[in-house]
Amino acid sequence: MTVISESAGEIKQARKGSLFGSLYFQVLIGVTAGILVGWLFPSVAVPLKSLGDFFIRCVKMLLVPIVFATIAVGIARMTDIKELGRVGIKTILYFELASTAALIIGMIVGNVFAPGAGLNVDPATIDTKSIAGFSKSATSIFDSIFHLVPDNIVRAFSNGDILPVLVFAVLFGIGLSLHRKATQHAVDALDGVLSALFGVMAMVMWLAPIGAFGAMAFTVGKYGLGSLLSLAKLVACVYGTSILFVLVVLGGIAKLCKIQILPFLRFIRAEIAVVLGTCSSESVLPQLIEKLERCGCPKPIVGLVMPAGITFNPDGSAIYLSLAVIFIAQATNTPLDLIQQLGLLAVLLLTSKGSAGVAGAAFIALAATLSTTNAIPVAGLALLLGVDRFMNEARAVTNTIGNALATVAISVWEGGFDRQAYERALAEDRQL
């Protein structure tokens, strides 16, 4: 990974000494400019969506091969295959506990602040044409399980399907590890390819401010800031709960790991800014992999936890889903007792998986939840359509922070976290 460190260092030197040269600052300028253009010139702003789409397209071009190579190389270099099983079990356990905590907190906030109370919406009067596509996109849990194993791995690569590629990468990494002597050259070659991919990603990231500008301009221009007013209480609950989760729950986990949450957030602030502008946690996966390796997390753990977290650790999406379900029930005057809410919680634990990474996926997961339970009118989805995009930022940023901290936590749990490297990385970051 020397090439990665060198390329990262060169970029830092290029940006060092100037606030305007900071990616974090440039992205924030792009987001701010996008909001202004979307508000003042909506007809001009809507077509700018292409800028955001182009940036995401560039990232996705590299995302699948980077995920595959990172996982395969990380597993191939594990000294013991039993280590993979141990890390995998700990990762799944952590993801389930974190997602459950996010869902429970979301439900508690929804019941306490009741963002949908008083709307008195009759489901029969809601125009459901706008949500027909989302309802059809909802898949069953069995479809999701079968999707884990691709019938054609080349097709999975070409379609950019992260989950089946992740499964194949794990199996491929195990195959390399089992025949270590014969495959050592292949592992080294794959590691070299990975370094080159990170170099290309470093170049793509220069487009991040433009992508953030286009995506934000489209959102504000298309839906208008005025659409927030009608459902402001729900939006405020989503953002407030996300902040509470990051500072209290993730902050508590960070404390158990003997690190502080705020310096950690500052360390990944550039990635947070990019996610804020693009509404996609996938857009910063390669950069976070590099940063987490640099700050003391073992490469095999980073390679396994970060890509898996996109699908299996959607903390922000879990908060949104639980709040949205409670909101629709309250808005349509659908009574939910404690037993029914616990049943919804169990369903959400399944449907929330796979809702992270791509903007809008959480809305499809919400449609799947309502379709599965039949307790809450699916037509209520139409109430959220106008402001869903404005809540994407909160859930995507929370997903990203949660996955980054999960990698640190698993590294500490495994006893492989290099605290000296972590302190050194934070010290270098403070000098920028």
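These numbers come from a predicted model, not from an experiment.

## Observations regarding the packing of aromatic side chains
Step number 1: Tallied over the full model, the rule gives six aromatic pairs.
Step number 2: Consider the rings of F68 and F157, whose centres lie 5.4 Å apart with planes at 75 degrees: the pair is edge-to-face. Taken together, the residues span a long stretch of sequence, with F68 in helix 4 (residues 49–76) and F157 in helix 8 (residues 153–159) at a distance of 89 residues.
Step number 3: Owing to a relative accessible area of 29%, F157 belongs among the partly exposed residues under this scheme.
Step number 4: Three or more aromatic residues link up through ring pairs in this structure, and these residues are F68, F157, F168 and F172.
Step number 5: For the cation-ring pair, K49 lies above F218, with the distance from its terminal atom to the ring centre recorded as 5.5 Å.
Step number 6: Taking NZ or CZ as reference, R395 lies 4.1 Å from the ring centre of Y320, over its face.

## Notes on the side chain of T334
Step number 1: Topologically, T334 is positioned in the loop between helix 18 (315–331) and helix 19 (338–351).
Step number 2: T334 gets classed as buried once you look at its relative accessible area, which sits at 17%.
Step number 3: A polar contact of 2.9 Å, which involves the side chain of T334, links it to the side chain of T332.
Step number 4: Ignoring sequence-local partners within four residues, the contact set of T334 consists of A329, A375 and P377.

## Details of the side chain of K299
Step number 1: For K299, the location among the structural elements is in helix 17 (residues 299–312).
Step number 2: Overall, the relative accessible area of 14% leaves K299 in the buried class.
Step number 3: Side chain to side chain, K299 and D191 meet in a polar contact 2.9 Å long.

## A closer look at the packing of helix 2 (residues 23–40) against helix 15 (residues 269–278)
Step number 1: As a packed pair, helix 2 and helix 15 sit with axes 8 Å apart at the nearest point and diverge in direction by 20 degrees. By the angle between their axes, helix 2 is roughly parallel relative to helix 15. The two elements helix 2 and helix 15 cross, and the hand of that crossing is left-handed. Touching L23, Y24, V27, L28 and V31 of helix 2 are R269, A270, A273, V274 and G277, all from helix 15.
Step number 2: Taken together, the residues of the contact of helix 2 with helix 15 break down into eight nonpolar, one polar and one charged.

## Section: helix 2
Step number 1: Compared with the 26 Å implied by 1.5 Å per residue over 18 residues, the 26 Å span of helix 2 between its first and last C-alpha is a close match.
Step number 2: Buried within helix 2 are the following residues: L23, V27, G30, V31, G34, V37 and G38. One side of helix 2 carries all its buried residues, which in axial view fall inside an arc of 135 degrees.

## A word on the nonpolar core
Step number 1: Counting residues in hydrophobic clusters, the biggest one holds 124 residues, and the most contacted among them are F264, Y320 and L366.
Step number 2: The biggest single contributor to this core is helix 4, with 15 residues.

## Let's talk about unusual backbone geometry
Step number 1: At A114, a position not held by glycine, the phi torsion is positive, near 45 degrees.
Step number 2: Relative to the helices and strands, A114 is located in the loop between helix 5 (81–113) and helix 6 (132–137).
Step number 3: A positive phi angle, near 65 degrees, is found at K258, a position not held by glycine.
Step number 4: With respect to the element layout, K258 can be found in the loop between helix 13 (232–256) and helix 14 (261–267).
Step number 5: For K258, a relative accessible area of 70% translates into the label exposed.

## Side note on the packing of helix 15 against helix 21 (residues 388–413)
Step number 1: Here helix 15 crosses helix 21 at 150 degrees, and the two axes come no closer than 8 Å. If you check the angle between helix 15 and helix 21, you find them roughly antiparallel. In this structure, the crossing between helix 15 and helix 21 has a hand that is right-handed. In this structure, helix 15 uses I272, V275 and L276 to contact helix 21, whose residues at the interface are E393, A396, V397, T400 and I401.
Step number 2: Class assignment for the residues of the contact of helix 15 with helix 21 results in six nonpolar, one polar and one charged.

## A word on the pattern of salt bridges
Step number 1: In the structure shown here, the tally under the stated rule is eight salt bridges.
Step number 2: Its salt-bridge partner being E290, residue R294 comes within 3.0 Å of it at the nearest N-O pair. Of the two residues, R294 and E290 are both situated in helix 16 (residues 285–294); the distance of four residues between them amounts to about one turn of the helix. Take R294 and E290: they sit in the same class, and that class is buried.
Step number 3: Linked through salt bridges whose partners overlap, the residues forming this network are R86, K90 and E414.

Conventions we followed
Residues numbered from 1 in each chain as written. Predicted model: local features only at pLDDT ≥ 70, side-chain atom pairs only at ≥ 80, totals over all residues. Heavy atoms only, no water. Phe/Tyr/Trp six-rings, centres within 6.5 Å; stacked < 30°, edge-to-face > 60°. Helix = DSSP H or I, 4+ residues; strand = E, 2+ residues; numbered from the N terminus. Buried < 20%, exposed > 50% of the residue type's maximum accessible area, 1.4 Å probe, protein only. Lys NZ or Arg CZ within 6 Å of the ring centre and 35° of its normal. Polar contact = N/O pair within 3.5 Å; in protein donor to acceptor, adjacent residues only side chain to side chain. Contact = heavy atoms within 4.5 Å. Axes fitted to C-alpha atoms, helices over the stretch in contact; angles between N-to-C directions. Parallel < 35°, antiparallel > 145°, perpendicular 65-115°, else oblique. Left-handed = near helix turned anticlockwise from the far one by under 90°. Nonpolar A, V, L, I, M, F, W, Y, C, P; charged D, E, K, R; others polar. Expected span 1.5 Å × (residues − 1). Arc of directions from axis to C-beta. Core = buried A, V, L, I, M, F, W, Y, C linked by side-chain atoms within 4.5 Å. Salt bridge = Lys/Arg side-chain N within 4 Å of Asp/Glu carboxyl O.

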